[in-house]
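Letter by letter, the chains look like this.
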Amino acid sequence: MYSANPNRYNDMTYRRCGQSGVLLPALSLGFWHNFGNVTPEAQSRAIVRAAFDAGITHFDLANNYGPEPGAAESRLGKFLHDDFAPYRDELFISTKAAYDMWEGPYGSWASRKHLMASLDQSLKRLQLDYVDLFYCHRYDPNTPLEETLQTLVDIVRSGKALYVGLSRWPLEASQKGYEYLRNHDVPGLIYQGRFNLFDQSPKNEGILDAATENGVGFISFSPLAQGLLTNRYLDGIPSDSRMAHDPRFLHADMLTPQVLDRIRRLNHLAAQRGESLSAMALSWILHHPGITSVLIGASSPEQLHQNLAAMKSVHFSEEECMIINDILK
Ligand SMILES: NC(=O)c1ccc[n+]([C@@H]2O[C@H](COP(=O)([O-])OP(=O)(O)OC[C@H]3O[C@@H](n4cnc5c(N)ncnc54)[C@H](OP(=O)(O)O)[C@@H]3O)[C@@H](O)[C@H]2O)c1
């Protein structure tokens, strides 16, 4: 029988999400990997418990996280039932739809038909009456923007989600989206995009600024570049790493000599700052104005604990920023 750490709120930092009433932990937990049927249930359960015990109140899912698609939601549903039933109101749970989920013309993209049906399926798997946050997981160029956005509005009105967000939407569509949602009294809560030391496109493309200007928070996915921005690959490819066992998303070709050289130099800078590379990579994201949270993955409670150190030094001197720019140029 699980009983949560009574000191779980002592060390976590909570940040306001845009101009909303919601506070999210500086570090949130993602369920993309390590919660499917190929991971022992006890391993997944230990990660979730470690997260909540450390004050991580935000869990991020999607309809298709697995494998098999849906398995991560089912697994969390079981944990919510077994371990977290007394803590539902201390948790902020998100899910998403718009990537391929089931066969046929309604199993993907961002029509009203897909989004509504997918959310109903997600709620069943999660064993919940509502999620705190529902995302449109990607922009759909073939569905009228108004159809997608009105569906998000209606989802909030139906009570099946408290807030809505956008993920991976291009700049112009996201700006139109914020305006539509605001005009329909359902302001967008948050934008979810990939932002890390190796991929700064939300900053360079104006997506982060647009979210901030619209009072919308920003949460960074793959903040460790799926593990590249850690000490994981400094001495080869460990057999238990994502690159070894799931090359669909993190292929060995990505570990070029140039990338490895950058990782080594960043690791050196982190050591000079007295922290691990993973902690520095996360705190570097968190030091940007407009960032609400970093959405980490972890394959063990130990990794999660190491990454919590990111909250200690969310400050970079001008000289450190110059060194980082030089390494990445
Ligand atoms: N909106 C979207 O389209 C989208 C896309 C991708 C992800 N996401 C969200 O973002 C979440 C996080 O993505 P991600 O898993 O790619 O995040 P990440 O934090 O960049 O990578 C996590 C992986 O890095 C390794 N790692 C983590 N901490 C470590 C440490 N201290 N030392 C060594 N290795 C460490 C582990 O890999 P090993 O398995 O090698 O141990 C871990 O699974 C997802 O779960 C999902 O919720 C959203």
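For the structure itself, consult the block above.
Just so it is clear, the model here is predicted, and its values are computed rather than measured.

Asker: Hey, could you go over the overall build of the chain for me, with residue numbers and the actual values?
Answerer: What the chain contains, in helices and strands, is 12 helices and 10 strands. Computed over its C-alpha atoms, the radius of gyration of the chain comes to 19 Å, within 12% of the 20 Å expected for a compact globule of 329 residues. The C-alpha extent of the chain, read off along each of the three principal axes, is 50 × 45 × 40 Å. Per-residue burial over the chain gives 57% buried out of 329 residues. Sequence separation of 24 or more characterises 75% of the internal contacts of the chain that already satisfy a separation of 6 or more. For the chain, the accessible surface area stands at approximately 14300 Å², while carbon and sulfur atoms represent 50% of it.

Asker: Quick one: what's the story with the packing of aromatic side chains, residue by residue and with numbers?
Answerer: Aromatic ring pairs are defined here through the distance separating the ring centres and the angle between the ring planes. Per the counting criterion, the structure on display carries 15 aromatic pairs. A centroid spacing of 6.3 Å and a plane angle of 80 degrees characterise the contact between Phe59 and Phe84, whose relative ring orientation is edge-to-face. Linking Phe59 in strand 4 (residues 58–60) with Phe84 in the loop between helix 2 (71–82) and strand 5 (92–97), this pair joins segments that are 25 residues apart in sequence. Residue Phe84 is classed as buried on the basis of its relative accessible area of 1%. An angle of 20 degrees between the planes, with centres 5.7 Å apart, marks the rings of Tyr191 and Phe218 as stacked. With a gap of 27 residues between them, Tyr191 in strand 8 (residues 190–194) and Phe218 in strand 9 (residues 217–221) connect regions that are remote in the sequence. Taking relative accessible area as the criterion, Tyr191 reaches 3% and is therefore assigned buried.

Asker: Residue-level account of the packing of helix 1 (residues 41–53) against helix 11 (residues 301–308), with values.
Answerer: At a minimum axis distance of 9 Å, the contact between helix 1 and helix 11 shows a crossing angle of 25 degrees. In terms of orientation, helix 1 lies roughly parallel with respect to helix 11. In the crossing of helix 1 with helix 11, the sense of the turn from one axis to the other is right-handed. Residues Ala46, Ile47, Ala50 and Ala51 of helix 1 form the contact with helix 11, whose own contacting residues are Pro301, Leu304 and His305.

Asker: Explain the pairing of strand 3 (residues 27–30) residue by residue, including any values.
Answerer: Residues of strand 3 alternate between two faces, with Leu27 and Leu29 on one and Ser28 and Gly30 on the opposite face, all of them buried. Judged from the 3 bridges that link them, strand 3 and strand 10 (residues 293–296) form a sheet pairing that is parallel. Bridged to Leu29 within strand 10 is Ile296. Judged from the 2 bridges that link them, strand 3 and strand 4 form a sheet pairing that is parallel. Looking at the pairing, Gly30 lines up with Asp60 of strand 4.

Asker: I'd like a description of the site of the ligand, backed by residues and values.
Answerer: What surrounds the ligand is a group of 33 residues, the closest being Asp60, Arg168, Ser222, Arg242 and Ser299. Phe31 is positioned such that a nitrogen or oxygen atom in its backbone is 3.1 Å from an oxygen atom of the ligand. Trp32 is positioned such that a nitrogen or oxygen atom in its backbone is 2.9 Å from an oxygen atom of the ligand. Here the ligand loses 97% of its free accessible area of 920 Å² to cover by the protein chains. Examining the composition of the shell around the ligand, we find that 3 residues originate from one element, helix 11, more than from any other. Of the residues contributing to the shell around the ligand, the split by class is 11 nonpolar, 17 polar and 5 charged.

Asker: Explain helix 4 (residues 145–158) residue by residue, including any values.
Answerer: Under the 1.5 Å per step criterion, the end-to-end length of helix 4 is 20 Å for 14 residues, consistent within 8% with the ideal 20 Å. For helix 4, the full list of buried residues reads Leu145, Thr148, Leu149, Thr151, Leu152, Val153, Asp154, Ile155 and Val156. Among the structural elements, helix 3 (112–126), strand 6 (131–136), strand 7 (161–167) and helix 5 (171–183) are those in contact with the buried residues of helix 4. Phi turns positive one or two residues past the end of helix 4, at Gly159, with a value near 85 degrees.

Cut-offs used in this document
- Residues numbered from 1 in each chain as written.
- Predicted model: local features only at pLDDT ≥ 70, side-chain atom pairs only at ≥ 80, totals over all residues.
- Heavy atoms only, no water.
- Helix = DSSP H or I, 4+ residues; strand = E, 2+ residues; numbered from the N terminus.
- Rg over C-alpha atoms; globule rule 2.2 N^0.38 Å.
- Buried < 20%, exposed > 50% of the residue type's maximum accessible area, 1.4 Å probe, protein only.
- Contact = heavy atoms within 4.5 Å.
- Areas by Shrake-Rupley, 256 points an atom, 1.4 Å probe, with all protein chains shown as cover.
- Phe/Tyr/Trp six-rings, centres within 6.5 Å; stacked < 30°, edge-to-face > 60°.
- Axes fitted to C-alpha atoms, helices over the stretch in contact; angles between N-to-C directions.
- Parallel < 35°, antiparallel > 145°, perpendicular 65-115°, else oblique.
- Left-handed = near helix turned anticlockwise from the far one by under 90°.
- Pairing = 2+ DSSP bridges.
- Near = heavy atom within 4 Å.
- Polar contact = N/O pair within 3.5 Å; in protein donor to acceptor, adjacent residues only side chain to side chain.
- Nonpolar A, V, L, I, M, F, W, Y, C, P; charged D, E, K, R; others polar.
- Expected span 1.5 Å × (residues − 1).

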